[in-house]
Amino acid sequence: MKPLPSVAAVYEQMDQARRAGPLMTNFYPVPDKLQRSVERGQLFSITVGNVLFVLRRDRDFLHLSFVASSAAELATAVREVVASISDTITVDVLGPRDRVAGITELFASAGFRGHCELHRMTKVTKQAEPAPAPPDPEVVLASRGDAAALAGMLETALDRYTEQIPDEDEMARAIADRKVTVVRAPRESASQIAGMLFSEVTGQSSLLRHWVVDPAHRDQRVGARLIRRYFADCKDVRRFLLWVISDNHNAIDRYRHYGYQQDGLIDQVLIRRAP
Amino acid sequence: MKTVLEVLKGIRPEFDFTTSEDFIADGMLDSFDVVTLINELDQSYGISIAGTDILPENVRNIAAIKQLLHKYGIAP
């Protein structure tokens, strides 16, 4: 497993894997995110034949991405690479269900097990919707000092293998970029934060990454206030996206209530636990 | 043969790609869409776009995509 020294090296290695034929991949590079991973020494590669594997360290496990040209080559290479790594490994296989099934089987035959299935939900608006309500004074942008508490809140509430949980550094950057809103807990409360919402807006699209209410503050409409503020802040967004765990029916119903629909894209999260 | 615009509309029908000079910055294509678009271009035009060309700047707008295709001998 070699550290990847630069973003350019990632693309060069993709090129080698690509030359043998059509693209088969779960690697969707975003150059600035890649750059940060390279700078933090979190990105590694392994090449087996014509197949490139990119591994990103996240806490105590590795996210595995692949770039291949055929299922047969990938099947052989996955077995080899998995045997050479002692850490827990996760792989996200994205696509329409019929395309994901074959790749999932291939990883299963190399020792991976299904961990979770995520469904993408999309809400498309025809034009800018009017802000539904005046600004809620209790929904505020998170401040720098909230980073540790918010990262801890997500770590406690969510599954690290499934949910791409930001660490404290990423949370601090998100706060600086005004991507995180919170409802603060009353002073007498044990927690600092009653609820939080982390979203990313790019032009006309927005991804709702995390929307979490502290268990001690559920049924107090904290979540509803956060998401109303989110929609009000996204007046120019036409395409809203999020990922939800497929058997979390309460969440799916809630997102439908706000206009989201499953769009057919799934993310099959597979895991090979450390031996 | 599909036009570039038809390929783009097939991926993200909700957007009007004629109004943007930067599909990535305007949120019309994300990283998953970029890889999907590369595969669609490969299939639609019978080419194999190199890994080093799978860059956001090569699919930033219709002119950039046409320039990329031109590199592979395609004039859509």
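Going by the structure above, here's the rest.
We now turn to the structure provided with this report.

Here we look at the packing of helix 1 (residues 4–11) of chain B against helix 2 (residues 31–45) of chain B
All names here are of chain B.
Now for step 1: It is the contact of helix 1 with helix 2, at a shortest axis distance of 10 Å, that shows an interaxial angle of 135°. Put simply, helix 1 runs oblique to helix 2. Note that helix 1 runs across helix 2; the crossing there is right-handed. Touching Val 4, Val 7, Leu 8 and Ile 11 of helix 1 are Asp 33, Thr 36, Leu 37, Glu 40, Leu 41, Ser 44 and Tyr 45, all from helix 2.

What about the side chain of Ser 20 of chain B?
Residues and elements named next belong to chain B.
Now for step 1: Examined against the element boundaries, Ser 20 turns out to sit in the loop between helix 1 and helix 2.
Now for step 2: The buried category is assigned to Ser 20, whose relative accessible area is 5%.
Now for step 3: In this structure the side chain of Ser 20 is engaged in a polar contact, spanning 3.0 Å, whose partner is the backbone nitrogen of Asp 22.
Now for step 4: Within the local environment of Ser 20, its side chain forms a polar contact with the side chain of Asp 26, the two groups lying 2.5 Å apart.
Now for step 5: Those residues in contact with Ser 20 that lie beyond four places of it in its chain are Asp 26, Met 28 and Asn 61.

Some points on the pairing of strand 10 (residues 193–202) of chain A
All names here are of chain A.
Now for step 1: With eight of ten residues buried, strand 10 is to be regarded as a mostly interior element.
Now for step 2: Bridge analysis of strand 9 (residues 180–184) against strand 10 gives five bridges, and the strand direction is antiparallel. For Arg 184, the partnering residue across the bridge sits in strand 10 and is Ile 193.
Now for step 3: Both strand 10 and strand 11 (residues 205–213) contribute to a ladder of eight bridges, which runs antiparallel. Opposite Phe 198, over in strand 11, you have His 210 as the bridge partner.
Now for step 4: Connecting the antiparallel pair strand 10 and strand 11 is a turn made up of two residues, with Gly 203 showing a positive phi of about 55°.

Side note on the interface of chain A and chain B
Now for step 1: Each partner contributes to the interface: chain A provides 25 residues, whereas chain B provides 24 residues.
Now for step 2: When chain A packs against chain B, close to 1900 Å² is buried across both sides, 58% of that on carbon and sulfur atoms.
Now for step 3: Scanning the region where chain A abuts chain B turns up three salt bridges.
Now for step 4: Residue Glu 14 of chain B pairs with Arg 239 of chain A through a salt bridge whose shortest N-O separation is 3.3 Å.
Now for step 5: The tally of links between chain A and chain B comes to seven residue pairs in polar contact (both at pLDDT 80 or more).
Now for step 6: Every element with two or more residues in the side of chain A that touches chain B is listed here: helix 1 (7–18), strand 6 (88–96), strand 7 (113–124) and strand 12 (239–245) of chain A.
Now for step 7: Per element, the largest residue contribution to the side of chain A that touches chain B is five residues, and it comes from helix 1 of chain A.
Now for step 8: Looking at side-chain class alone, the side of chain A that touches chain B contains twelve nonpolar, seven polar and six charged residues.

About the cut-offs
- Residues numbered from 1 in each chain as written.
- Chains lettered and ligands numbered in written order.
- Predicted model: local features only at pLDDT ≥ 70, side-chain atom pairs only at ≥ 80, totals over all residues.
- Heavy atoms only, no water.
- Axes fitted to C-alpha atoms, helices over the stretch in contact; angles between N-to-C directions.
- Helix = DSSP H or I, 4+ residues; strand = E, 2+ residues; numbered from the N terminus.
- Parallel < 35°, antiparallel > 145°, perpendicular 65-115°, else oblique.
- Left-handed = near helix turned anticlockwise from the far one by under 90°.
- Contact = heavy atoms within 4.5 Å.
- Buried < 20%, exposed > 50% of the residue type's maximum accessible area, 1.4 Å probe, protein only.
- Polar contact = N/O pair within 3.5 Å; in protein donor to acceptor, adjacent residues only side chain to side chain.
- Pairing = 2+ DSSP bridges.
- Buried area = accessible area lost by both parts, 1.4 Å probe.
- Salt bridge = Lys/Arg side-chain N within 4 Å of Asp/Glu carboxyl O.
- Nonpolar A, V, L, I, M, F, W, Y, C, P; charged D, E, K, R; others polar.

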